[in-house]
Amino acid sequence: MSALKPEAERLDALLHSAGLACGASTAHGVLSGCLVADDSLSAARLARALGERHPAPGHDEAALQAAIEEIRLDLLRALNDPDLGFEPLLSEDDDLAQRSHSLGQWVDGFLGGLGQTPRLGGLKPSPEAAEILRDFAEIARLDPEPEDSEENEEAFAELGEYVRVGVLLLAEELAPERPRQPIPLQ
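A few points on the structure.

Reading the values: the criteria
- Residues numbered from 1 in each chain as written.
- Predicted model: local features only at pLDDT ≥ 70, side-chain atom pairs only at ≥ 80, totals over all residues.
- Heavy atoms only, no water.
- Helix = DSSP H or I, 4+ residues; strand = E, 2+ residues; numbered from the N terminus.
- Expected span 1.5 Å × (residues − 1).
- Buried < 20%, exposed > 50% of the residue type's maximum accessible area, 1.4 Å probe, protein only.
- Arc of directions from axis to C-beta.
- Contact = heavy atoms within 4.5 Å.
- 1 Å grid on protein atoms, 1.4 Å probe; cavity = no way out; pocket = protein on both sides within 12 Å on 5 of 7 lines; lining within 4 Å.
- Points joined across faces, edges and corners; volume = space filled by probe spheres on them.
- Nonpolar A, V, L, I, M, F, W, Y, C, P; charged D, E, K, R; others polar.
- Axes fitted to C-alpha atoms, helices over the stretch in contact; angles between N-to-C directions.
- Parallel < 35°, antiparallel > 145°, perpendicular 65-115°, else oblique.
- Left-handed = near helix turned anticlockwise from the far one by under 90°.

Here we come to helix H6 (residues 127-140). Because the α-helix completes a turn every 3.6 residues, residues three or four places apart line up on one side. The first and last C-alpha atoms of H6 sit 20 Å apart over 14 residues, in line with the 20 Å expected at 1.5 Å per residue. Taken together, the buried positions of H6 are occupied by Ala129, Ile132, Phe136 and Ile139. Here the buried residues of H6 occupy an arc of 75° about the axis, which is enough to place them on one side. Exposed residues pointing more than 90 degrees away from the buried face of H6 are listed as Pro127 and Arg134. Where the residues of H6 are buried, they touch helix H5 (96-115) and helix H7 (150-174).

As C-alpha cells, this is what we get:
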C-alpha cells in the first residue's frame with residue numbers, strides 16, 4: 001500500500017465507500033483538470049466528473065460532498081496563488097515506482113477532467129499549451145517500475161515540477177475572459 005498524506009487517506013476512504021474506481025491521486029487530478037478548464041464548476045458537478053458510483057452500505061454522501069467542496073476551494077486557492085503554491089496530490093511512498101505510478105495516475109486524471117469540461121470545446125490551445133498536453137499524455141503512460149537511483153529520483157523530481165508548472169501555465173492560458181470568482185478564505 002502506498003503512503004498517502006492524511007487528507008489523501010481520508011479521500012481514498014471516501015472514494016472507496018462511494019464505490020468509485022479512482023483513488024485519491026486520480027481523483028485530485030480529475031478535479032484539478034475540471035477546475036483548470038472551468039473554475040465555476042460546483043462540487044456536485046465535480047463529484048459527477050469522478051465517474052459512476054456503486055456506494056457501499058453506510059456510505060456517507062455528505063462527507064464525500066464536503067470533501068469535494070474542500071478540495072475545490074483548496075484547488076482554486078492554489079491555482080490562483082501568486083506564490084504558485086499548487087501541488088498535485090501524490091503518494092509519499094519511499095518507493096520511486098509507487099510515486100511514479102501515482103504521478104501517472106494524477107496526470108491521467110487531470111487530462112480526463114480537462115477533457116470532460118464543456119467550456120474547452122471552443123478553445124484552441126497555444127502551441128506551448130498543446131506541447132504541455134502532449135507531454136502530459138506521455139507522462140500518464142509513465143513506466144511505473146523505474147529503478148531506485150539518485151539519477152531517477154532527480155528525473156522524477158524534475159518531472160513532478162514540470163507537471164506542477166505545466167498545470168499552472170494551462171490554468172493561466174485557459175482562464176476565462178471574465179474575472180475569476182473570489183475564493184473564500186478558510
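Before going further, it helps to spend a moment on unusual backbone geometry. Even without glycine at this site, Leu84 takes up a positive phi of about 55°. Looking at where Leu84 falls in the secondary structure, it is placed in the loop between helix H4 (61-79) and H5.

Before going further, it helps to spend a moment on the layout of surface pockets. Size it by volume and the largest pocket reaches roughly 340 Å³. Lining the largest pocket we find 17 residues, and of these Glu7, His28, Ile71, Asp74 and Leu89 sit closest to its centre. Elements that contribute at least two residues to the lining of the largest pocket include exactly helix H1 (6-17) and H4. Among the elements that take part in the lining of the largest pocket, H4 stands out by supplying six residues, more than any other. Of the residues assigned to the lining of the largest pocket, the class counts are nine nonpolar, two polar and six charged.

Here we take up the packing of H5 against H6. Where H5 contacts H6, the two axes come as close as 8 Å, and the packing angle between them is 135°. Judged by the angle between their axes, H5 and H6 are oblique. Note on packing geometry: the crossing formed by H5 with H6 is left-handed. Here Leu103, Gly104, Val107, Asp108, Phe110, Leu111 and Leu114 of H5 come into contact with H6, specifically with Leu133, Phe136, Ala137, Ile139 and Ala140. Of the residues in the contact of H5 with H6, the class split is 10 nonpolar, one polar and one charged.

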